[in-house]
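So you can see what is in the structure, the chains are spelled out below.
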Amino acid sequence: MGILNVTPDSFSDGGHFLDPQRALAHVERMVSEGADLVDIGAESTRPGSRAIDEQEELRRLKPVLDVIGKRATVPLSIDTRKAGVAERAIDWGAVLINDISALEHDPRMGEVIARTRAGLVLMHMRGTPQTMQQYCRYDNVVEEVRDYLGSRLNHAEGIGIAREHVLIDPGIGFAKNEQQNLSLLKGLGSLQQLGRPVLVGVSNKSFIGTITGQPIDQRIMGTAAAVAAAVWGGARIVRVHDVGSIREVVRMSEAIAQA
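The structure displayed is predicted, hence computed values, not measured ones.

Draft legend 1. Looking closely at the nonpolar core. In this structure, Leu4, Ile40, Leu61, Val200 and Val227 are the most contacted members of the largest nonpolar core, which totals 76 residues. By residue number, the principal contributor to this core is helix H5 (residues 141-158), which donates seven residues. Discounting chain neighbours no more than four positions away, the residues touching Val227 are Val202, Val238, Val240, Ile246, Val249 and Val250.

Dropping the structure here:
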């Protein structure tokens, strides 16, 4: 899963792809490098980020989807917590909604997903992007994340969302500290018990910088190691910025895992 942020303030590439033609060129480059799908976000969810309203999110998203939706050769995912944004994005060609709140932020989101039969990513997070790093206390982070995602899977199914349309994401970096992120990567196999494909996003995140001492734009090797661990742990999708390099990591990791 290649990442396209159409935001002025995302932690890794904020402001780079606000222009629709530049965004399209980036998507085409990621696809040529091996992206199987592209996740588009118009609201930053980095720790401490400022929330925006639905109209502003749509204002950023529409011109990009107007261009990319007609040209994309891979499925498009939309990273949003808002049902109104999800609904419009699906009308504009998106087939997957990546909801970091696991249907908890907007009570209408579940109805939109059930009615449109779109795919859904349920992610673990506590609090909001503004407050989440205040909620990093766990007795057993792997078990608690697994149990939460299991409960949200059951909730989604109970409101009419087909279980086979759902992916799960442990939410690396969302209400987790460095050690908890490492524990989740090491214990990722526990999520296999839920019977749904696991998506993992580690690309350039702060825990990699803490461990390696590298700034955001120099975390490719740390990201590669974390992606390899995720693949060995059973992740089926990895969400990354550097598609070409990480595609090679995924191929080698899969080959070793299957040897």
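Draft legend 2. Representation of the sheet that holds strand E2 (residues 38-41). Read across the sheet, six strands follow the order E1-E2-E3-E4-E5-E6 without closing on themselves; strand pairing throughout is parallel. Strands at the two margins of the open sheet, each flanked by one partner only, are strand E1 (2-5) and strand E6 (166-169). Pairwise comparison of adjacent strand axes, ignoring direction, gives a mean angle of 25° for this sheet. One ladder, built from four bridges, connects E1 with E2; its direction is parallel. Residue pairing in the sheet places Gly2 in a bridge with Val38 of E2. Docked against the sheet, helix H1 (residues 20-32) engages E1 and E2, running at close to 175° with respect to E1.

Draft legend 3. A look at helix H8 (residues 220-232). The terminal C-alpha atoms of H8 lie 18 Å apart, and with 13 residues this matches the ideal 18 Å at 1.5 Å per residue to within 8%. For H8, the secondary structure elements touched by its buried residues are helix H6 (178-186), strand E7 (199-201), helix H7 (206-212), strand E8 (237-239) and helix H9 (243-258). Just downstream of H8 lies Gly234, where phi reads positive at about 110°.

Draft legend 4. Focus on the pattern of salt bridges. In total, this model carries 16 salt bridges according to the counting rule given. Residue Arg115 pairs with Glu87 through a salt bridge whose shortest N-O separation is 2.4 Å. Here Arg115, found in helix H4 (residues 109-116), pairs with Glu87, found in helix H3 (residues 83-91); they are 28 residues apart in sequence, far enough to count as distant. Judged by relative accessible area, which is 23%, Glu87 ranks as partly exposed. In this structure, Asp147 and Arg146 form a salt bridge, with 3.3 Å as the shortest nitrogen-oxygen distance. Residue Arg146 is classed as buried on the basis of its relative accessible area, which comes to 17%. In this structure, a network of salt bridges that share partners links the residues Glu43, Glu57, Arg81 and Lys82.

Draft legend 5. Structural view of unusual backbone geometry. With a phi angle near 55°, Ala102 is a residue other than glycine that sits in the positive phi range. Mapped onto the elements, Ala102 comes out in the loop between strand E4 (96-99) and H4. Here Ala175, not a glycine, exhibits a phi torsion of approximately 60°, which is positive. Within the fold, Ala175 resides in the loop between E6 and H6. Assessed through its relative accessible area of 0%, Ala175 is described here as buried.

Basis of the calculations
Residues numbered from 1 in each chain as written. Predicted model: local features only at pLDDT ≥ 70, side-chain atom pairs only at ≥ 80, totals over all residues. Heavy atoms only, no water. Core = buried A, V, L, I, M, F, W, Y, C linked by side-chain atoms within 4.5 Å. Buried < 20%, exposed > 50% of the residue type's maximum accessible area, 1.4 Å probe, protein only. Helix = DSSP H or I, 4+ residues; strand = E, 2+ residues; numbered from the N terminus. Contact = heavy atoms within 4.5 Å. Pairing = 2+ DSSP bridges. Axes fitted to C-alpha atoms, helices over the stretch in contact; angles between N-to-C directions. Expected span 1.5 Å × (residues − 1). Salt bridge = Lys/Arg side-chain N within 4 Å of Asp/Glu carboxyl O.

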